Amino acid sequence: MISNQSILVIDDDADIGGFIKDVALPLSLNCIATTEASTFLELLGPHTDLVILDLLMPHIDGIELLRVLGEQKCKSGVVLMSGVDKRVIETAEQLAAKLGLSIVGRLIKPFGKRDLEGVLNSYQGPANVTATESQRIVIQDEDLRKAVTEQSFNLHFQPQINIRTRKVVSIEGLVRWLHPEYGLVYPDRFIQRTEELGLIEELTWIVLRKGVACWHNFKDLDGNSQNLSINISSESLRDLRFPDKLEALLGRFGMPPEKLVLEVKESGLLDDLTNTLDVLARLRLKRFQLSVDDVGIGYSMLQQLRRIPATELKIDKSLVGQMLKNHDDRIVVEKTIEIGHLLGMRIVAEGVESQDQLDFLSEHGCDIAQGYFVYKPYPLAILLSWLSQYRPLATTTHLTARSEVPQR
Ligand code: C2E
Ligand code: CA
Ligand code: CA
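All values derive from a computational prediction rather than experimental measurement.

Analysis parameters
- Along every chain, residues carry numbers that run from 1 in the direction the sequence is written.
- To read the labels, note that chains go from A and ligands from 1, taken in the order they are written.
- Given that this is a predicted model, residues contribute local features only at a pLDDT of at least 70 and side-chain atom pairs are listed and counted only at 80 or more, while totals for whole chains, interfaces and linings are drawn from all residues.
- To obtain the side-chain values, all non-hydrogen atoms of the structure were included, while hydrogens and water were left out.
- Counting from the N terminus, the helices are DSSP H or I runs at least four residues long and the strands are E runs at least two residues long.
- A 1.4 Å probe rolled over the protein chains alone gives each residue an accessible area, and that area as a share of the maximum for its type sets the label: buried under 20%, exposed over 50%, partly exposed in between.
- Only four residue types enter the tally: Lys and Arg on the positive side, Asp and Glu on the negative side, with His and both chain ends excluded.
- The location of each charge is read from NZ of Lys, CZ of Arg, CG of Asp or CD of Glu.
- Sites may look incomplete, because water is not among the atoms used; the donor set itself consists of N, O and S atoms within 2.8 Å of the metal (3.2 Å for Na, K and Ca).
- A pairing counts as a salt bridge when a side-chain nitrogen of Lys or Arg comes within 4 Å of a carboxyl oxygen of Asp or Glu.
- Side-chain atoms alone can form a polar contact between residues adjacent in sequence; in general such a contact is a pair of N or O atoms within 3.5 Å, and within protein one must be able to donate a hydrogen while the other accepts it.
- We call two residues in contact whenever any of their non-hydrogen atoms come within 4.5 Å of each other.
- Consider each residue's heavy atoms; a residue with any of them within 4 Å of a molecule or strand counts as near.
- For this classification, Asp, Glu, Lys and Arg are treated as charged, while Ala, Val, Leu, Ile, Met, Phe, Trp, Tyr, Cys and Pro are nonpolar and the rest, including Gly, are polar.
- Paired strands are those between which DSSP finds at least two bridges.
- Angles here are taken between N-to-C directions and fall from 0 to 180 degrees, while the axes themselves are lines fitted to C-alpha atoms, restricted in helices to the stretch in contact.
- In what follows, roughly perpendicular refers to angles from 65 to 115 degrees, roughly parallel to angles under 35, roughly antiparallel to angles over 145, and oblique to any angle outside these ranges.
- By this rule the span expected of a helix is its residue count minus one, scaled by 1.5 Å.

S.K.: Before we go on, may I ask you to explain the overall build of the protein chain in this structure?
M.R.: Counting its regular elements, the protein chain contains 16 helices and 15 strands. Here the C-alpha coordinates of the protein chain stretch approximately 70 × 50 × 40 Å along the principal axes. When burial is assessed residue by residue, the protein chain has 50% of its 408 residues classed as buried. With 45 positive and 56 negative side-chain charges, the protein chain shows a spacing of 1 Å between the two charge centroids.

In structure tokens form, the structure reads like this:
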């Protein structure tokens, strides 16, 4: 397996789960273990690369779980564990294959560290089905309306780190649609249509309520609260009551406004600045933070940005992805950092996928990094498990969550 891939384990014996975690962590793999079927099914998602499942559990039927995985068209690799006779595993493997699951290894109990490492190292990750799968997705307006009414969305969360101290400073909430047929559907597939149907404000409030309700979990090891970043459509900035409504929502959860970063796309902001400046100014007066999102994808003259009372500029991932290969992109990144700083804003680079990119950003004084190299967006429980193990090392390596390997 490769770094940062995700393993989900279910075994009624918590020690086995703990043991697998201990072996997985030094390999830079993210591992969550549970003894409960309900938790297992909640945590399972397209982000799960490998499932390790005990066949014989006193209160849960492992075979039944296999059936559920098949019904959900689970694309993760599956490893079956059992202490019983090898033939039971073989039969279960045949069943799994009929259900369309991909069995990638087996663990006969008792197994040791080397057996487990062998299985983990040989697995190359799920077949890349996402591109072809997503082509099949057809969004129906009726489904989208129903989803908004029924609030069938949840959030994945992605950390942002301070490049200098490596501490996690903010967590961005990213919406996913829990589609009855397709499972998790990503926002690029439905945000624009939601806007066209006039439903985006409702969706924004669903996301805000869910995000703000999670915020109290976001603390570093010293107990300092992190920021929550939420994407807002510029549509919301035309609602004069937006700042007051937001203040009331945060008040209910005891969240100070300066902990909420509202990310608005640069294009949306600049298109309609005269009509939204009023709301922007009031948001800032109430101490909410404002981030200009997707900076650099073919829009503004950087100098236009001075008209926006923002606290943060977020350089788009397309620029970050190209900046080490393309001279022009590199200049735009450098100048954005420079001008953003002159305007008193902090600079976030999104889409950071490598050490080289992080080093470049660090050399050029960029403040914050977000991207797969730090950590991917994941459901709350997975992010929290990562946060609880993350040690901000002020070196350029080892960004992956590590824990002191606990004694068994
Ligand atoms: P964004 O605000 O620019 O968010 C960053 C996107 O880049 C996310 O995609 C994230 O998963 C992805 N990403 C993060 N790190 C990396 C990386 O290292 N490499 C690459 N290639 N990608 C990375 P996602 O979650 O699919 O969201 C797509 C867009 O949908 C977001 O782009 C945002 O504009 C919009 N969106 C997401 N949630 C909401 C929401 O609640 N409301 C609104 N209005 N828009 C949202
Ligand atoms: Ca964003
Ligand atoms: Ca972006």
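S.K.: Got a minute to help me understand the coordination of the calcium ion (ligand 3) in this structure?
M.R.: Metal coordination angles have textbook ideals: 109.5 degrees for a tetrahedral set of four donors and 90 or 180 degrees for an octahedral set of six. On the protein side, the calcium ion (ligand 3) has Asp294 (OD), Asp316 (OD), Glu350 (OE) and Glu350 (OE) as donor atoms, found 2.0 to 3.1 Å from it. If you list the donors of the calcium ion (ligand 3) from N- to C-terminus, the spacing comes out as D-x21-D-x33-E. Between the calcium ion (ligand 3) and the calcium ion (ligand 2), a spacing of 5.7 Å is present. Taken together, the positions of Asp316 in the loop between strand S12 (312–315) and helix H13 (317–322) and Glu350 in the loop between strand S13 (346–349) and helix H15 (355–363) put the pair 34 residues apart, joining distant regions of the chain.

S.K.: Can you walk me through the pattern of salt bridges in this structure?
M.R.: Opposite charge on two side chains makes pairing possible when the charged atoms of those side chains draw close. For the structure shown, the criterion picks out 23 salt bridges. Between Glu142 and Arg145 there is a salt bridge, and its shortest N-O distance comes to 2.8 Å. On the criterion of helical spacing, the pair formed by Glu142 and Arg145 is a turn pair, its members being 3 residues apart in helix H7 (residues 141–150). A salt bridge links Lys265 to Asp294, with the nearest nitrogen and oxygen atoms 2.9 Å apart. In this pair, Lys265 is assigned in strand S10 (residues 260–265) and Asp294 in strand S11 (residues 289–295), connecting sequence segments 29 residues apart. Taking the relative accessible area as the measure of exposure, Asp294 reaches 13% and is therefore buried.

S.K.: How should I be thinking about the coordination of the calcium ion (ligand 2) in this particular structure?
M.R.: At the metal site, the calcium ion (ligand 2) is ligated by Glu172 (OE), Asn231 (OD1), Glu263 (OE) and Asp293 (OD), and these contacts range over 2.1 to 2.4 Å. Read N to C, the donor residues that coordinate the calcium ion (ligand 2) are spaced as E-x58-N-x31-E-x29-D.

S.K.: Whenever I open this one, unusual backbone geometry confuses me. Can you help?
M.R.: Residues apart from glycine generally show negative phi values, whereas peptide bonds are mostly found in trans. Note the cis peptide between Lys109 and Pro110, where omega equals -5°. Locating Pro110 in the fold gives a position in the loop between strand S5 (102–108) and helix H5 (113–122). At Ser28, a position not held by glycine, the phi torsion is positive, near 60°. Turning to its location among the elements, Ser28 is positioned in the loop between helix H1 (14–24) and strand S2 (30–34). Residue Ser28 is classed as buried on the basis of its relative accessible area, which comes to 8%. With a phi close to 60°, Asp294 is a non-glycine residue in the positive phi region.

S.K.: What am I meant to see in the side chain of Glu350 here?
M.R.: The buried charged residue Glu350 lacks any salt bridge, with Lys314 as its nearest oppositely charged partner at 4.3 Å. Engagement of the side chain of Glu350 in a polar contact is seen with the backbone nitrogen of Lys317, the distance being 3.0 Å. The residues contacting Glu350, other than those within four sequence positions of it, are Asp293, Asp294, Lys314, Ile315, Asp316, Lys317, Val320 and Gln370.

S.K.: How should I be thinking about the site of ligand 1 in this particular structure?
M.R.: Contacts to ligand 1 come from 22 residues, most closely from Arg176, Lys265, Lys317, Glu353 and Tyr372. At 3.1 Å from an oxygen atom of ligand 1 is found a side-chain nitrogen or oxygen belonging to Asn231. A distance of 2.5 Å separates a nitrogen atom of ligand 1 from a polar atom in the side chain of Glu353. Broken down by secondary-structure element, the contributors of at least two residues to the shell around ligand 1 are strand S7 (168–179), helix H9 (200–214) and S11. Ranked by residue count, the leading element in the shell around ligand 1 is S7, at 4 residues. Across the shell around ligand 1, the residue classes tally to 9 nonpolar, 4 polar and 9 charged.

S.K.: Could you clarify how one ought to interpret the sheet that holds strand S1 (residues 6–10) in this entry?
M.R.: Whenever strands of a sheet pair, they do so through backbone hydrogen bonds, lying parallel or antiparallel. Strand order across the open sheet formed by 5 strands is S2-S1-S3-S4-S5, with parallel pairing between neighbours. Looking at strand neighbours, the two that pair on one side only are S2 and S5, the edges of this open sheet. Within the sheet, the average angular offset between the axes of one strand and its neighbour, ignoring direction, is 20°. Here strand S3 (residues 50–54) pairs with strand S4 (residues 77–82) via 5 bridges, running parallel. Each bridged residue has a counterpart across the sheet, and for Ile52 the counterpart in S4 is Val79.

S.K.: How should I be thinking about the packing of helix H10 (residues 242–253) against helix H12 (residues 273–285) in this particular structure?
M.R.: In helix packing, the relevant descriptors are the interaxial angle and the interaxial distance, both defined with respect to the helix axes. At their nearest, the axes of H10 and H12 sit 9 Å apart, and the two run at 30° to each other. Judged by the angle between their axes, H10 and H12 are roughly parallel. Of the residues in H12, those touching H10 at Phe242, Pro243, Asp244 and Leu246 are Val279, Arg282 and Leu283. Split into classes, the residues belonging to the contact of H10 with H12 amount to 5 nonpolar, no polar and 2 charged.

S.K.: It is not clear to me how H12 should be interpreted in this structure. Could you clarify?
M.R.: Because an α-helix completes one turn every 3.6 residues, residues spaced three or four positions apart along the sequence face the same direction. Counted at 1.5 Å a residue, the expected span for H12 with its 13 residues is 18 Å, and the 17 Å between its end C-alpha atoms agrees. Within H12, the full set of buried residues consists of Leu273, Thr276, Val279, Leu280 and Leu283. The secondary structure elements touched by the buried residues of H12 are H10, S10, helix H11 (266–271) and S11. With its phi angle positive at about 80°, Arg287 sits one or two positions after the end of H12.

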